[in-house]
Amino acid sequence: QVQLVESGGGLVQAGGSLSLSCAASGGTFSSYVMGWFRQAPGKEREFVAAIRWSGGTTRYADSVKGRFTISRDNAKNTVYLQMNSLKPEDTAVYYCAAGPGRAFYSYEYDYWGQGTQVTVSS
């Protein structure tokens, strides 16, 4: 049973930084894609970033490009999202997800974490 557990959310002022972690367990992730999504109140969930576990290829939503960095630690089975220059519009619940290779572009993720709240004050 694959489990994804996010941590690292919190409250930060605009312009500040936060780092999110996603610890993955219960599966073999070498062929997986790991993604970060977010959902703000009253809005649909949206893609933030993705990384191929093998090779480390990444992609980002235009709204976070240049500010957020996704990375992974193979030894720890953990994926990170470093968020810099945060804006109030980044406020949302952030979710970690895992899926097969096609999820890198198709967003067809099979497993989801419980989410962690990120609040950016102006």
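Residues numbered from 1 in each chain as written. Predicted model: local features only at pLDDT ≥ 70, side-chain atom pairs only at ≥ 80, totals over all residues. Heavy atoms only, no water.

**Regarding the overall build of the protein chain**
Okay, so step 1: Helix and strand counts for the protein chain come out as one helix and 11 strands.
Okay, so step 2: Mapped from its N terminus to its C terminus, the protein chain presents α and β elements in the order β-β-β-β-β-β-β-β-β-α-β-β.
Okay, so step 3: Scaling as 2.2 N^0.38, a compact globule of 122 residues should have a C-alpha radius of gyration of about 14 Å, and the protein chain matches this with 13 Å.
Okay, so step 4: Overall, the protein chain is about 40 × 25 × 25 Å in size when its C-alpha atoms are taken along their principal axes.
Okay, so step 5: Looking at the 122 residues of the protein chain, the share that counts as buried comes to 45%.
Okay, so step 6: Restricting the contact set of the protein chain to residue pairs at least 6 apart, pairs at least 24 apart contribute 56%. (Helix = DSSP H or I, 4+ residues; strand = E, 2+ residues; numbered from the N terminus. Rg over C-alpha atoms; globule rule 2.2 N^0.38 Å. Buried < 20%, exposed > 50% of the residue type's maximum accessible area, 1.4 Å probe, protein only. Contact = heavy atoms within 4.5 Å.)

**Here's the deal with the state of the cysteines**
Okay, so step 1: The tally for this structure, following the rule as stated, stands at one disulfide.
Okay, so step 2: Disulfide pairing places Cys22 opposite Cys96 at an S-S distance of 2.0 Å. Torsion about the S-S bond of the Cys22 and Cys96 cystine: about -75 degrees, corresponding to left-handed handedness. Note that Cys22 is positioned in strand S3 (residues 18-25) and Cys96 in strand S9 (residues 92-99), a separation of 74 residues in sequence. (Disulfide = S-S within 2.5 Å.)

**As for the sheet that holds strand S7 (residues 68-73)**
Okay, so step 1: Spatially, S1-S3-S8-S7 is the arrangement adopted by the four strands of the open sheet, whose pairing is antiparallel. Strands at the two margins of the open sheet, each flanked by one partner only, are strand S1 (3-7) and S7. Ignoring which end each strand starts from, the neighbouring axes of this sheet average 15 degrees apart.
Okay, so step 2: Bridge count between S3 and strand S8 (residues 78-83): six bridges; the pairing is antiparallel. (Pairing = 2+ DSSP bridges. Axes fitted to C-alpha atoms, helices over the stretch in contact; angles between N-to-C directions.)

**Re the packing of aromatic side chains**
Okay, so step 1: This structure, assessed with the given rule, holds 10 aromatic pairs.
Okay, so step 2: Grouped by ring-pair contacts, the aromatic residues Phe37, Phe47, Tyr107, Tyr109 and Trp112 constitute a single cluster.
Okay, so step 3: Positioned above the aromatic ring of Trp112 is the side chain of Arg45, whose terminal nitrogen or guanidinium carbon lies 3.8 Å from the ring centre.
Okay, so step 4: Here the basic side chain of Arg52 rests over the ring of Phe104, its NZ or CZ set 4.2 Å away from the ring centre. (Phe/Tyr/Trp six-rings, centres within 6.5 Å; stacked < 30°, edge-to-face > 60°. Lys NZ or Arg CZ within 6 Å of the ring centre and 35° of its normal.)

**A short note on the environment of Ala49**
Okay, so step 1: Structurally, Ala49 is set in strand S5 (residues 46-52).
Okay, so step 2: Measuring from C-alpha to C-alpha, the distance between Ala49 and Ser71 comes to 9.8 Å, with 22 residues separating the pair along the chain.
Okay, so step 3: If we skip the residues at most four places from it in the chain, Ala49 touches Met34, Gly35, Trp36, Arg59, Tyr60, Ile70 and Leu81.

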